Amino acid sequence: MGRTSVSHRFRVEERFINNPNEFVLRLRYLISLRIPFNKAGQPEQYYGILKNEIRMNAKKMNPLTAIA
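Residues numbered from 1 in each chain as written. Predicted model: local features only at pLDDT ≥ 70, side-chain atom pairs only at ≥ 80, totals over all residues. Heavy atoms only, no water.

Notes on the overall build of the chain
As a reminder of what qualifies: Labels follow the DSSP assignment, with helices taken as runs of H or I lasting at least four residues and strands as runs of E lasting at least two, numbered in each case from the N terminus. The classification of residues rests on relative accessible area computed with a 1.4 Å probe and restricted to protein chains. Under 20% of the type maximum is buried, over 50% is exposed, and intermediate values are partly exposed. Here a residue-residue contact requires only that any non-hydrogen atoms of the pair lie within 4.5 Å. Per-residue and other accessible areas were derived by the Shrake-Rupley procedure at a 1.4 Å probe size, with only the shown protein chains allowed to occlude residues.
In terms of helices and strands, the chain carries one helix and three strands. Helices (α) and strands (β) of the chain occur, in sequence order from the N terminus, as β-β-β-α. Out of the 68 residues in the chain, the part that is buried amounts to 12%. At a minimum sequence separation of 6, the contacts of the chain that also span at least 24 residues come to 36%. Counting every atom, the chain has about 6200 Å² of accessible surface; 56% of that belongs to carbon and sulfur.

Remarks on the pattern of salt bridges
Quick reminder of the rule: By convention in these notes, a salt bridge is any Lys or Arg side-chain nitrogen within 4 Å of a carboxyl oxygen on Asp or Glu.
Taken as a whole and assessed by the stated rule, the structure comprises four salt bridges. For Glu-53, the salt bridge is made with Arg-55, and the minimal N-O distance between the two is 3.5 Å. In the salt-bridge network here, residues are joined through shared partners; they are Glu-13, Arg-26, Arg-28, Glu-53 and Arg-55.

Considering the side chain of Glu-13
As a reminder, the rule being used: Counted as a polar contact is a pair of N or O atoms within 3.5 Å, where, for protein atoms, one must be capable of donating a hydrogen and the other of accepting one, and residues adjacent in sequence contribute only when both atoms are in side chains.
With respect to the element layout, Glu-13 can be found in strand β1 (residues 5–16). Residue class for Glu-13 comes out buried when judged on its relative accessible area of 13%. Here the side chain of Glu-13 touches Arg-28 through a polar contact of 2.7 Å, side chain to side chain. In this structure Glu-13 touches Val-24, Leu-25, Arg-26 and Arg-28, once residues within four positions along its chain are discounted.

Side note on a nonpolar patch on the surface
How we decide: Like-charged residues within 9 Å of one another, or nonpolar side chains (Val, Leu, Ile, Met, Phe, Trp, Tyr) within 5 Å, are grouped into patches, provided each residue has over 30% relative accessible area and no salt bridge.
On the surface, a nonpolar cluster with roughly 650 Å² of combined accessible area is contributed by Val-6, Phe-10, Val-12, Tyr-29, Ile-31, Ile-54 and Met-56. Of all elements in the fold, only β1, β2 (23–36) and β3 (47–58) reach the threshold of two or more residues within the nonpolar patch. Counting residues per element, the nonpolar patch draws most heavily on β1, which supplies three residues. Tracing the backbone shows Val-12 in strand β1.

Remarks on the packing of aromatic side chains
Note the cut-off: Put simply, two rings from Phe, Tyr or Trp (the six-membered ring, in Trp's case) pair if the centres are within 6.5 Å, and we call them stacked under 30 degrees between planes, edge-to-face over 60, tilted for the rest. Charge over a ring is defined by NZ of Lys or CZ of Arg lying within 6 Å of the ring centre and within 35 degrees of the ring normal.
Evaluation of the coordinates by the stated rule reveals zero aromatic pairs. Between the NZ or CZ atom of Arg-34 and the centre of the ring of Tyr-47, over which it lies, the distance is 3.8 Å.

In structure tokens:
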């Protein structure tokens, strides 16, 4: 998008809770914009960054109980 750069990433994490045998599956999505403040043709000295991240926990379903 012109001189503005856009980046994004999707992550899947397994986080262990109090019990080492129990974990939570977490999904994360990050989008980021990098906007230069200089004029075109000049070296990029100053820039601004806008970021937003969405985090959500995913439940692990047991396939045998999902059918019933």
